[in-house]
Amino acid sequence: MKDIPSTHTDFIIEREFDATPEAVFQAWADPQAKRRWSDCHAEHTTGYRLDFRPFGHETHQVVYPDGRVQQIEKVFFDIESARRIVFAYGIQLDSRRLSVSLVTVEFFAHKHGTRMVYTEQLAYLDGHEDRAQRIRGTEESLDRLRLEITRPPRSPAGP
């Protein structure tokens, strides 16, 4: 697949949340909350780690029932609490690198809480292209983020 050029695309998704920018941002920063809303293959995830700081990493490893292994590796470049997150991530399936993306997530105070703008710029590698699927998956994750933000706080474990 050496002679297949890379292709590029981008997309923007906006969401409004009935919560403060701080609360929406915290759902990105907290490892347990982030895994609950962002892991679209939770039943097959075999590894997850979040080090949420500039130059920190987030990693997902998914092993599908047919034996394929998907790796997602993120690097955070800019984190401004309740304002902005900028990260890059790559997706690899088995030994094939599928894509690399740059993402900017911005949080704006809004009359009802927060307006969040998610902007992703993608480079597809060696003929792989899944723009519609990527948008749908991101929208589904952001729908789960809304549920995460509105879920009641967990009560502490009893004695």
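Residues numbered from 1 in each chain as written. Predicted model: local features only at pLDDT ≥ 70, side-chain atom pairs only at ≥ 80, totals over all residues. Heavy atoms only, no water.

### Here we look at the nonpolar core
Now for step 1: Among the nonpolar cores identified, the biggest contains 33 residues, and Trp28, Ile85, Val105, Met116 and Leu145 are the most heavily contacted of them.
Now for step 2: Sorting the residues of this core by element identifies β1 (7–17), α1 (21–29), β2 (45–50), β4 (69–80), β5 (84–93), β6 (96–110), β7 (113–124) and α3 (131–150) as the ones contributing at least two each.
Now for step 3: Ranked by residue count, the leading element in this core is α1, at five residues.
Now for step 4: In this view, leucine 145 contacts Phe17, Val24, Ala27, Trp28, Trp37 and Met116; residues no more than four positions away in its chain are not counted. (Core = buried A, V, L, I, M, F, W, Y, C linked by side-chain atoms within 4.5 Å. Buried < 20%, exposed > 50% of the residue type's maximum accessible area, 1.4 Å probe, protein only. Helix = DSSP H or I, 4+ residues; strand = E, 2+ residues; numbered from the N terminus. Contact = heavy atoms within 4.5 Å.)

### Focus on the packing of aromatic side chains
Now for step 1: Evaluated as defined, the whole model comprises nine aromatic pairs.
Now for step 2: The interplanar angle of 25° and the centroid separation of 6.1 Å between the aromatic rings of phenylalanine 11 and tyrosine 118 together place this pair among those described as stacked. Taken together, the residues phenylalanine 11 in strand β1 and tyrosine 118 in strand β7 connect sequence positions 107 residues apart.
Now for step 3: Phenylalanine 11 gets classed as buried once you look at its relative accessible area, which sits at 5%.
Now for step 4: Relative to phenylalanine 77, the ring of phenylalanine 55 lies with its centre 5.9 Å away and its plane at 90°, an arrangement referred to as edge-to-face. Of this pair, phenylalanine 55 sits in the loop between β2 and β3 (57–63) while phenylalanine 77 sits in strand β4, and the two are 22 residues apart along the sequence.
Now for step 5: One aromatic cluster is present, built from ring pairs that chain together Phe25, Trp28, Trp37, Phe52, Phe76, Phe87, Tyr89 and Phe107.
Now for step 6: The positively charged end of arginine 68 is found above the aromatic ring belonging to tyrosine 64, 4.7 Å away from the centroid.
Now for step 7: A cation over an aromatic ring shows up here: lysine 74 above the ring of tyrosine 89, its NZ or CZ 5.8 Å from the ring centre. (Phe/Tyr/Trp six-rings, centres within 6.5 Å; stacked < 30°, edge-to-face > 60°. Lys NZ or Arg CZ within 6 Å of the ring centre and 35° of its normal.)

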